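Coordinate analysis (summary)
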Amino acid sequence: MNPLEHNNQSMQMIEEDEIDLRELWQTILKGKKLILIFTMLVTVFTIIFALKQPNVYQSQAVLIPTEADTSSLAGLGGLAAMAGVSLGGSSMTPDIAFESLLNNYEFMKSFIENNKILEYYENKELDKNYVFALGYRGIYDLFQFDKEEEEDKDERIYELMELIQKNFSISSDKKTSLVTISYSDYDKSYAPKMVYAFLEDSSKYLVENDLKNINNSLKYFQEELSNADSIELRQNLSSLISNILQKKVMSKSKKYYQCDALTLPFEAYVKDKIKPKRALIVVVGFVTGLILSIFLVFFLAFIRNEQDSKITP
């Protein structure tokens, strides 16, 4: 192929591309009314959806894990392990302990019942403290309907437990080891109450469990001490019992399980919501509507062209 032919082919391809772009642009111009109407409808429905959503607020507690002095127990841990006795507490970090209880059905059921959380969430006036954009709740009320109450209480508790687990967040900073427990809710005054209640109930449960293991360990090693003949063994057992007693005192001294409070939960300021991001929702709705409307125009044009080609021999 000589250079002249190659240049002619290149120019022809460019002209075809320009023609295709012109045709596409002409198709968009012909369907501009449909694009405008469709985009406006999607945007309006998106705005209604955004205004319907109440604000979500978050309250959190930040805890400082206390470093247990395990150096004195390090040399005696083998003795306890050989005896098959737990010293209590183990090496489980507080965030893992709290997370385990959050996912424990029996504990969460007791937590919900003891704090009357089911009654709170089933209260018909639950949404009276909700905050809406522009202070207008008319759109929200328009979509509210009376819900039929399920007869099975256990089923309702289970569904509420799933909601609570979703609203709770427990995390630990790898650098500082700080533990953060937060709860999100539409009612900004109820979120800190949930964090307080969970902290107190879970800490009580975990401390009682530790004390139970510690008391069992003390009972066992005290019996072994009374039966020991070797002076070295008696010294080791005495040191072990002393450290277990120290651990028992430390467990009782903390209000929250293995932690001191750095910041406690408080009610969020009315403007300090975490969601919904209404502006972002509206922008996404507008862009989505625009893209869908353009595709719709191209699709309708394609159908018309197909019908015309069938009619024209």
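An account of the accompanying structure is given in this report. If you're wondering where the values come from, they're calculated on a predicted model, not measured in any experiment.

Take the overall build of the protein chain next. Counting its secondary structure elements, the protein chain contains 12 helices and four strands. The burial tally for the protein chain puts 32% of its 313 residues in the buried class. Once local pairs closer than 6 in sequence are excluded, the contacts in the protein chain between residues at least 24 apart make up 83%. A total of about 20700 Å² of accessible surface is found on the protein chain, and carbon and sulfur atoms cover 57% of it.

Another point: the pairing of strand E2 (residues 168-172). Sheet analysis places E2 next to strand E3 (residues 179-185), joined by five bridges and oriented antiparallel. When the bridges of E3 are listed, Ser-171 appears paired with Thr-180. What sits between the antiparallel neighbours E2 and E3 is a turn of six residues, in which Ser-177 has the positive phi angle 65 degrees.

Interhelical geometry of helix H6 (residues 105-114) versus helix H9 (residues 153-167) gives an angle of 100 degrees and a closest axis separation of 10 Å. Compared by their axis directions, H6 and H9 come out roughly perpendicular. Here Tyr-105, Met-108, Lys-109, Ile-112 and Glu-113 of H6 lie close against H9, whose contacting residues are Asp-154, Ile-157, Tyr-158, Leu-160, Met-161, Ile-164 and Gln-165. Grouping the amino acids of the contact of H6 with H9 by side-chain chemistry returns eight nonpolar, one polar and three charged.

Right, let's talk about the nonpolar core for a bit. With 40 residues, the main nonpolar core has Phe-98, Phe-111, Ile-112, Ile-117, Ile-164, Ile-181 and Phe-198 as its most contacted residues. For this core, the elements supplying multiple residues, two or more each, are strand E1 (57-65), helix H5 (94-102), H6, helix H7 (117-121), H9, E2, E3 and helix H10 (191-227). When residues no more than four places from it in sequence are discounted, the contact partners of Ile-112 are Ile-117, Leu-118, Ile-157, Leu-160, Met-161 and Ile-164.

Together, Val-283, Phe-286, Val-287, Leu-290, Ile-291 and Phe-295 give the surface a local cluster of nonpolar side chains, amounting to about 540 Å² of exposed area. Relative to the assigned elements, Ile-291 resides in helix H12 (residues 278-311).

Let us look at the packing of aromatic side chains. In the structure shown here, the tally under the stated rule is 14 aromatic pairs. Summarising the aromatic geometry, the rings of Phe-107 and Tyr-205 are spaced 5.6 Å apart at their centres and angled 65 degrees between planes, so their arrangement reads as edge-to-face. Of this pair, Phe-107 sits in helix H6 while Tyr-205 sits in helix H10, placing them 98 residues apart in sequence. The buried category is assigned to Phe-107, whose relative accessible area is 8%. On the basis of relative accessible area, Tyr-205 is assigned to the partly exposed category, the value being 42%. An angle of 85 degrees between the planes, with centres 5.0 Å apart, marks the rings of Tyr-120 and Tyr-121 as edge-to-face. As far as burial versus exposure is concerned, Tyr-120 and Tyr-121 are alike and both buried. One aromatic cluster is present, formed by Phe-98, Phe-107, Phe-111, Phe-168, Tyr-183, Phe-198 and Tyr-205 through successive ring pairs.

Conventions adopted
Residues numbered from 1 in each chain as written. Predicted model: local features only at pLDDT ≥ 70, side-chain atom pairs only at ≥ 80, totals over all residues. Heavy atoms only, no water. Helix = DSSP H or I, 4+ residues; strand = E, 2+ residues; numbered from the N terminus. Buried < 20%, exposed > 50% of the residue type's maximum accessible area, 1.4 Å probe, protein only. Contact = heavy atoms within 4.5 Å. Areas by Shrake-Rupley, 256 points an atom, 1.4 Å probe, with all protein chains shown as cover. Pairing = 2+ DSSP bridges. Axes fitted to C-alpha atoms, helices over the stretch in contact; angles between N-to-C directions. Parallel < 35°, antiparallel > 145°, perpendicular 65-115°, else oblique. Nonpolar A, V, L, I, M, F, W, Y, C, P; charged D, E, K, R; others polar. Core = buried A, V, L, I, M, F, W, Y, C linked by side-chain atoms within 4.5 Å. Patch = residues over 30% accessible without salt bridge, like charges linked within 9 Å, V, L, I, M, F, W, Y side chains within 5 Å. Salt bridge = Lys/Arg side-chain N within 4 Å of Asp/Glu carboxyl O. Phe/Tyr/Trp six-rings, centres within 6.5 Å; stacked < 30°, edge-to-face > 60°.

Just distances and angles here, no functional claims.
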